[in-house]
Amino acid sequence: MAPTVAEEAVAGANKQQQPGKAAALAARDASGRLEPLTITRRYEPYVTYPLCRSTGDDDVAIKILYCGICHSDLHSIKNEWNNAMYPVVPGHEIAGVVTEVGKNVTKFKPGDRVGVGCMVNSCQSCTSCDDGFENNCSNIIFTYNSVDRDGTVTYGGYSSNVVVHERFVVRFPDAMPLDRGAPLLCAGITVYTPMKYHGLNSPGKHVGVVGLGGLGHVAVKFAKAFGMKVTVISSSPAKKEEAMERLGADAFVVSKNGEEMKNAAGTMDGIINTVSANVPVAPYMGLLKPNGKMIMVGLPEKPLEIPPFDLIMGSKTLAGSCIGGMRDTQEMIDVAAKHGVTADVEVVGAEYVNEAMERLAKADVRYRFVIDIGNTLKTSSD
Ligand code: NAP
Ligand code: ZN
Ligand code: ZN
């Protein structure tokens, strides 16, 4: 019988000549151009020859098979948030197979299908962490471009393998494909969390989704799975037909069309704003009902401008939301599998990554690029 993908991944990792080494794609400066780079992953060196341990006691070693391209990757490699620590290896929508686990690991075993999202560690002892909101921990360690506990800079999922504390690893449900599921690790949890905590997940409510990109299209799918009325507010008229026919949105408003915006005014219980660019938010506030809430998840580089009258008249709320905790991330992917929510993806080879970035900058992707790491990223043993 032919070996499964999981068996092949474990066998491949065991053959790896240099434990701790990984092939990666890295940006070296604010041009954002991604080039091959060999990086070092956390591992425990040879303890007893020939038994070589590559995995810390609480760690899970993962062979990466797919990694989504989030707009945050683009902001980061171009240093748009002014915090890049080059070389930057982006990628926090990671899906793959466990190759090895440390001795304290109880939740995973080699061969398991798993994912890693935007964070790889946190203090694990503050109130936020205790409550399951590691995303709000002041000592959060992001999957890339973050200083790890050992002082090294973290490298993300545009890479052949990764080693992560088991708390920050998510189990893929059997029904969830790795390629279409990878984007849920960031895009999915980032829209699921505000819907859950701002009451935008109940049947009959009307939610607006601003920006139909990676995050936005998953928000539409979750909202429909929750039985809500969904209106997409987009700057791209060309997305109307597919938004309504393929993604199941109930209505589509072109944000630059004053007439359409006027007709939709005062109709929405909540809005998830996923726009990646500096676009005025005040016009969207006008779409909310009294007491409506707009949750910002998009992260453009410049400050928001919001006239107080647009917020105060109608007693509106403007809130922010940062990814989500690990318990919610597991819940999100389980809910997604149950409702058949996956990302619409364009799977590309590692060699296409720079072109993919250029297209993402122009909102020219339906709706998430996913890199086929397993088949196209060359490792040092190839
Ligand atoms: P994306 O796939 O590029 O989608 C962003 C969408 O915004 C575009 O498809 C486009 O939708 C709209 N847009 C882009 N430029 C615009 C412009 N100049 N004017 C008006 N609309 C514009 O990006 P993404 O991966 O979904 O990420 C969206 C944002 O969320 C990024 O800033 C990212 O960094 C941030 N993010 C935040 C979190 C968090 O925890 N809060 C997590 C992940 C990502 P239309 O064509 O429909 O207008
Ligand atoms: Zn992301
Ligand atoms: Zn903490």
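All of these numbers come straight from a predicted model, not from anything done at the bench.

(A) Quick peek at the pairing of strand β13 (residues 268–273). Along β13, 5 of the 6 residues are buried, which leaves the element largely enclosed by surrounding structure. Where strand β10 (residues 206–210) lies against β13, 4 bridges are found, and the strand directions are parallel. In the sheet register, Val-207 faces β13, and the bridge partner there is Gly-270. Here 5 bridges tie β13 to strand β14 (residues 288–296), and the two strands are oriented parallel to one another. By the bridge assignment, Gly-270 is partnered in β14 with Lys-293.

(B) Representation of the pairing of β14. Bridge count for β14 against strand β15 (residues 317–320) is 4 bridges, and the pairing is parallel. Looking at the pairing, Lys-293 lines up with Thr-317 of β15.

(C) Layout of the packing of helix α5 (residues 187–197) against helix α11 (residues 326–339). In contact at an axis separation of 10 Å, α5 and α11 are set at 100 degrees when each is read in the N-to-C sense. Between α5 and α11, the interaxial angle falls into the category roughly perpendicular. From α5, Gly-188, Ile-189, Tyr-192, Lys-196 and Tyr-197 reach across to α11, where they touch Asp-328, Thr-329, Glu-331, Met-332 and Val-335. Taken together, the residues of the contact of α5 with α11 sort by class into 5 nonpolar, 2 polar and 3 charged.

(D) Structural view of the pattern of salt bridges. For the structure shown, the criterion picks out 16 salt bridges. In this structure, the salt-bridge partner of Lys-103 is Asp-57, at a minimum N-O distance of 3.4 Å. Within this pair, whereas Lys-103 is found in the loop between β4 (94–101) and β5 (113–116), its partner Asp-57 is found in the loop between β2 (34–40) and β3 (59–68), the two being separated by 46 residues in sequence. Residue class for Asp-57 comes out partly exposed when judged on its relative accessible area of 27%.

(E) Inspection of the domain arrangement of the protein chain at higher detail. Under the domain assignment used here, the protein chain contains domain 1 (21–186 + 325–371) and domain 2 (187–320). Here the C-alpha centre of domain 2 lies 27 Å away from the C-alpha centre of domain 1. Each partner contributes to the interface: domain 1 provides 27 residues, whereas domain 2 provides 24 residues. In this structure, the salt-bridge partner of Glu-331 is Lys-196, at a minimum N-O distance of 3.0 Å. Inspection of the domain 1/domain 2 interface yields 20 residue pairs in polar contact (both at pLDDT 80 or more). For the side of domain 1 that touches domain 2, the leading source of residues is α11, giving 7 residues. Residues belonging to the side of domain 1 that touches domain 2 are distributed by class as follows: 13 nonpolar, 6 polar and 8 charged.

(F) Highlighting the packing of aromatic side chains. All chains considered together, the criterion is met by 5 aromatic pairs. With 6.0 Å between their ring centres and 15 degrees between their planes, Phe-222 and Phe-226 make a pair best called stacked. One aromatic cluster is present, built from ring pairs that chain together Tyr-192, Phe-222 and Phe-226.

(G) Looking closely at the coordination of the zinc ion (ligand 2). Coordination of the zinc ion (ligand 2) by the protein involves Cys-70 (SG), His-92 (NE2) and Cys-186 (SG), with metal-donor separations of 2.0 to 2.2 Å. The motif formed by the donor residues of the zinc ion (ligand 2), counted along the single chain, is C-x21-H-x93-C. Highlighted residues: His-92 in the loop between α2 (71–77) and β4 and Cys-186 in the loop between α4 (178–181) and α5, separated in sequence by 94 residues. Given a relative accessible area of 7%, His-92 falls into the buried group.

(H) How the structure looks around the sheet that holds strand β12 (residues 251–254). The 6 strands are arranged β12-β11-β10-β13-β14-β15 in an open sheet whose pairing can be described as parallel. Each edge of the sheet is formed by a strand with only one pairing partner; in this case those strands are β12 and β15. Strand-to-strand, the axes of this sheet are offset by a mean angle of 20 degrees, without reference to chain direction. Across the sheet, helix α6 (residues 214–225) is in contact with β10 and β11 (229–234); its angle to β11 comes to roughly 165 degrees.

(I) Representation of a nonpolar patch on the surface within the structure. A cluster of nonpolar side chains, namely Phe-309, Ile-312 and Met-313, defines an oily patch on the protein surface of about 390 Å² accessible area. Positionally, Ile-312 belongs in helix α10 (residues 308–312). Classification of Ile-312 by relative accessible area gives exposed; the value is 58%.

(J) Structural view of the nonpolar core. One finds Ile-69, Tyr-158 and Phe-222 to be the most contacted residues of the largest nonpolar core, which totals 100 residues. Residue-level mapping places this core at the junction of two domains, with at least three residues from each of domain 1 (21–186 + 325–371) and domain 2 (187–320).

(K) Quick peek at the site of ligand 1. By nearness alone, 30 residues border ligand 1, and Ser-234, Ser-235, Ser-236, Lys-239 and Arg-368 come closest of all. His-75 is positioned such that a nitrogen or oxygen atom in its side chain is 2.8 Å from an oxygen atom of ligand 1. Measuring from an oxygen atom of ligand 1, one finds a backbone N or O atom of Gly-214 at 2.8 Å. Mapped by element, the contributors of at least two residues to the shell around ligand 1 are α2 and α6. If you tally residues by element for the shell around ligand 1, the top one is α2, at 3 residues. By residue class, the composition of the shell around ligand 1 is 14 nonpolar, 14 polar and 2 charged.

Reading the values: rules and limits
- Residue positions are counted from 1 within each chain, in the order its sequence is given.
- Written order determines the labels here, with chains lettered from A and ligands numbered from 1.
- A pLDDT threshold of at least 70 governs which residues receive local features in this predicted model, and a stricter bar of 80 or more applies before side-chain atom pairs are shown or counted, although totals over entire chains, interfaces and linings include all residues.
- Only hydrogens and water are set aside; all other atoms, that is, all heavy atoms of the structure, feed into the side-chain values.
- Residue burial is assigned from relative accessible area. The probe radius is 1.4 Å, only protein chains are included, and a residue is buried under 20% of its type maximum, exposed over 50%, and partly exposed in between.
- Segments assigned H or I by DSSP are reported as helices when at least four residues long, segments assigned E as strands when at least two residues long, and all are numbered from the N terminus.
- DSSP bridges decide pairing: two strands pair if at least two such bridges lie between them.
- A fitted line through C-alpha atoms serves as each axis, taken over the contacting stretch for helices, and the angle formed by two N-to-C directions is quoted from 0 to 180°.
- For this classification, under 35 degrees means roughly parallel, over 145 means roughly antiparallel, 65 to 115 means roughly perpendicular, and everything else is oblique.
- Should any heavy atoms of two residues lie within 4.5 Å, those residues are considered in contact.
- Side-chain classes follow a simple rule in which Ala, Val, Leu, Ile, Met, Phe, Trp, Tyr, Cys and Pro form the nonpolar group, Asp, Glu, Lys and Arg form the charged group, and the remainder, Gly included, forms the polar group.
- The salt bridge criterion pairs a side-chain nitrogen of Lys or Arg with a carboxyl oxygen of Asp or Glu, the two atoms within 4 Å.
- Domain start and stop points were drawn from an automatic or database domain assignment.
- Between N or O atoms, a polar contact is any pair within 3.5 Å; within protein, one atom must be a potential hydrogen donor and the other a potential acceptor, and residues adjacent in sequence are included only when both atoms are from side chains.
- Stacked, edge-to-face and tilted are the three classes for Phe, Tyr and Trp ring pairs, Trp counted by its six-membered ring, which pair at centre distances within 6.5 Å; planes under 30 degrees apart are stacked, over 60 edge-to-face, the rest tilted.
- Metal donors were taken as nitrogen, oxygen and sulfur atoms no farther than 2.8 Å from the ion, or 3.2 Å where the ion is Na, K or Ca. Water is excluded, so coordination may look unfinished.
- Like-charged residues are merged into a patch within 9 Å and nonpolar side chains (Val, Leu, Ile, Met, Phe, Trp, Tyr) within 5 Å, provided each residue has over 30% relative accessible area and no salt bridge.
- All accessibility values rest on the Shrake-Rupley procedure with a 1.4 Å probe; residue burial counts only the protein chains present in the view.
- Here, nonpolar core means buried Ala, Val, Leu, Ile, Met, Phe, Trp, Tyr and Cys residues that are tied together by side-chain atoms lying within 4.5 Å of each other.
- Nearness is defined per residue: one heavy atom within 4 Å of the molecule or strand is enough.

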